[in-house]
Amino acid sequence: MNRGMGGAAASAETRGLPVGTMAAFGVGSLGTGVFSTVPSVLLLYFMTSVLGISPALAAITVFIPKFWDVLIDPVIGMVSDRTQSRWGRRRPYMLVGGITMSLFFVLLFSVPAFETPFERFVYVTLAYMACATAYAVFSVPYIAMPAEISRSPEERTTLMSFRMGFAMAGILLGGAGAPFLVDLAGGGRAGYAVMALTIGVICGIAMIVPVFATRGLGTASVPAEFKLGEGLRQAAACKPFLLLLAAYLLQLAGLGCFSGALPYYAVHIRGGSGITVTLLFVALNVSAIVAMPLWVRLSRGAGKVGAYIGSSVLLALATAGLWFCDSGASDALLYAQVCLMGLAFAGQQLFPFALLPDVLDADARATGIHRQGMFTGLWTAGEKLGLALGGLVTGAVLSWTGFVASSGTVVEQPQSALTGVRLACAILPSLLVAASLLLLVRFRRAHAAESAQ
């Protein structure tokens, strides 16, 4: 009975979300897009080529905080599910997480003058763990909110298009703006510190906006009462959720490989600098932002799952094409290839988050328990694990192929290391996205069966 009353209230209070509210909610993804991108693109390179930390240790730093997130994200989701306050279940955590994440982000790239690379390794690892924890406190409740503030699948797709549009802008700012700021501030440790301060302030402001923009929305949701172990067992029994999560995890592992290898590709394959990384991310994300409305329209005809599969096929092919863009390829070919990746990247980012609320809503109808936070915690844990695995694989490939670490100067790399950079930037991401297609085909069948119930 409570569930029915809560669902009716939520539906009544959110019918026809204003465009301004949807846009303001999406602003939060500007911050999440920046944070998910900057460490993925710059942290490995910062550690190996500025702090003088070996690729093997740097790979551990990239992985450990994300593995920690795998443990805490479901707990954060469950806690928010069981919270009852006049601010709703999610917004108090979003406020605390957004503020603290921006502070820890500044500390992450502002490394004291430790004498040994191992001391720097320990500092960066601890700072990254604190930053990732604060980010989880914001992102898990934030991603859970769409299933509560709108009951319309079509409206949630529109809401997700706003959110992912701002996420693309955040990825653009993080991937293109951050390297540019480092170079503008003179490079080295000082350049990274200036970048972190600038980006950290922007992230904090962006994450606070949806806290206040969603006042009164979702506050009628009834707190869920269940134990974590029970909830995890029931989540494991939700086949559509597991298949969607596994497919997205593989794709993010590919994205993590590409992002982590891109600065090495720009410097050691193309002979460029941070500006080269900036231009490549501009090409990738501007084309993605332009393509976002196109994928929304395509999904109305082909369905969300069909459009998601199509974008993933295109992404696998486009990423593999980077293998042919070595030092002898023209800039025109390189940027055309990256723009093609961007067209596919828009769909790959939009549809998992457009499908997730549909899956969660179907689970709530089937079980009578509103536990979107716990499911979202598992989702964000998988998201972070995928990116971390990508960074770990990139670091392992660089170490295995003999990449030479340095402290702020570009050193000549052996041919084996250059091959490793190209593998991590093109072939491995393409193979991982291709593998995810098998799971997406199975998800389409499972999701159709669940929706028909």
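Criteria and thresholds
Residues numbered from 1 in each chain as written. Predicted model: local features only at pLDDT ≥ 70, side-chain atom pairs only at ≥ 80, totals over all residues. Heavy atoms only, no water. Helix = DSSP H or I, 4+ residues; strand = E, 2+ residues; numbered from the N terminus. Buried < 20%, exposed > 50% of the residue type's maximum accessible area, 1.4 Å probe, protein only. Contact = heavy atoms within 4.5 Å. Areas by Shrake-Rupley, 256 points an atom, 1.4 Å probe, with all protein chains shown as cover. Salt bridge = Lys/Arg side-chain N within 4 Å of Asp/Glu carboxyl O. Expected span 1.5 Å × (residues − 1). Bend = angle between axes of the 7 residues up to and from the residue. Axes fitted to C-alpha atoms, helices over the stretch in contact; angles between N-to-C directions. Parallel < 35°, antiparallel > 145°, perpendicular 65-115°, else oblique. Left-handed = near helix turned anticlockwise from the far one by under 90°. Nonpolar A, V, L, I, M, F, W, Y, C, P; charged D, E, K, R; others polar. pLDDT = per-residue confidence, 0-100. Patch = residues over 30% accessible without salt bridge, like charges linked within 9 Å, V, L, I, M, F, W, Y side chains within 5 Å. Core = buried A, V, L, I, M, F, W, Y, C linked by side-chain atoms within 4.5 Å. Lys, Arg positive; Asp, Glu negative; His and termini not counted. Charge placed at Lys NZ, Arg CZ, Asp CG, Glu CD.

### Digging into the overall build of the protein chain
Stage number 1. For the protein chain, the helix and strand inventory stands at 15 helices and zero strands.
Stage number 2. In the protein chain, which comprises 453 residues, the share counted as buried stands at 59%.
Stage number 3. When contacts within the protein chain are restricted to residue pairs at least 6 apart in sequence, those whose partners lie at least 24 apart make up 86%.
Stage number 4. With an accessible surface of roughly 16300 Å², the protein chain has 69% of that area assigned to carbon and sulfur atoms.

### Remarks on the pattern of salt bridges
Stage number 1. The full count for this structure, using the stated rule, is two salt bridges.
Stage number 2. Taking the shortest distance from any N to any O, the salt bridge between Asp331 and Arg270 comes out at 2.6 Å. One end of the pair, Asp331, is in helix H13 (residues 331–367); the other, Arg270, is in the loop between helix H10 (239–269) and helix H11 (274–302), and 61 residues separate them in sequence.
Stage number 3. Between Lys304 and Asp358 there is a salt bridge, with its nearest N and O atoms 2.7 Å apart. In this pair, Lys304 sits in helix H12 (residues 304–320) while Asp358 sits in helix H13, placing the two residues 54 residues apart along the sequence.
Stage number 4. Relative accessible area serves as the criterion here: at 14%, Lys304 is assigned to the buried category.

### Focus on helix H5 (residues 117–144)
Stage number 1. In this model, H5 (28 residues) spans 40 Å end to end at C-alpha, consistent with the 40 Å of a helix rising 1.5 Å per residue.
Stage number 2. The largest bend along H5 measures about 25 degrees and falls at Ala136.
Stage number 3. Across the 28 residues that make up H5, a large majority, 20, are buried.

### Describing the packing of H10 against H11
Stage number 1. Look at H10 against H11: their axes get within 9 Å of each other, and the N-to-C directions meet at 135 degrees. Between H10 and H11, the angle is such that the two are oblique. Along this stretch, H10 crosses H11, giving a crossing that reads as right-handed. Contacts between H10 and H11 pair Phe258, Leu262, Pro263, Tyr265 and Ala266 from the former with Thr276, Val277, Leu280, Phe281 and Leu284 from the latter.
Stage number 2. Among the residues making up the contact of H10 with H11, the classes are represented as nine nonpolar, one polar and no charged.

### A closer look at the packing of helix H3 (residues 55–81) against H5
Stage number 1. The N-to-C vectors of H3 and H5 enclose an angle of 30 degrees; their axes lie 8 Å apart at closest approach. Taken as axis vectors, H3 and H5 run roughly parallel relative to one another. Of the two elements, H3 crosses H5, and the hand of that crossing is right-handed.
Stage number 2. When the residues that make up the contact of H3 with H5 are grouped by side-chain class, the tally is 17 nonpolar, five polar and three charged.

### Looking at the confidence of the model for the protein chain
Stage number 1. Per-residue confidence for the protein chain gives a mean pLDDT of 82, with 87% of residues at or over 70.
Stage number 2. Least confident of the elements in the protein chain is helix H1 (residues 2–14), whose mean pLDDT is 36; most confident is H12, at 93.

### Examining a nonpolar patch on the surface
Stage number 1. Residues Phe180, Leu184, Ile275 and Leu279 make up a contiguous nonpolar surface patch of roughly 370 Å² in combined accessible area.
Stage number 2. Looking at the nonpolar patch, the elements with two or more residues in it are helix H7 (153–184) and H11.
Stage number 3. With respect to the helices and strands, the residue Ile275 is situated in helix H11.
Stage number 4. Accessibility expressed as a relative area gives 34% for Ile275, which makes it partly exposed.

### Some points on the nonpolar core
Stage number 1. Core analysis: the biggest nonpolar cluster contains 120 residues, and Met101, Phe105, Phe109, Tyr192, Met195, Phe241 and Tyr265 have the highest contact counts within it.
Stage number 2. Looking at this core, the element that brings in the most residues is H10, giving 16 residues.
Stage number 3. Listed in part, the five residues of the second largest apolar core include Ile72, Ile76, Val137 and Val140.

### A short note on a positive patch on the surface
Stage number 1. Together, Lys239, Arg442, Arg444 and Arg445 line one region of the surface with positive charge.
Stage number 2. Summarising the element assignment, Arg444 is placed in helix H15 (residues 415–452).
Stage number 3. We classify Arg444 as partly exposed; its relative accessible area is 43%.

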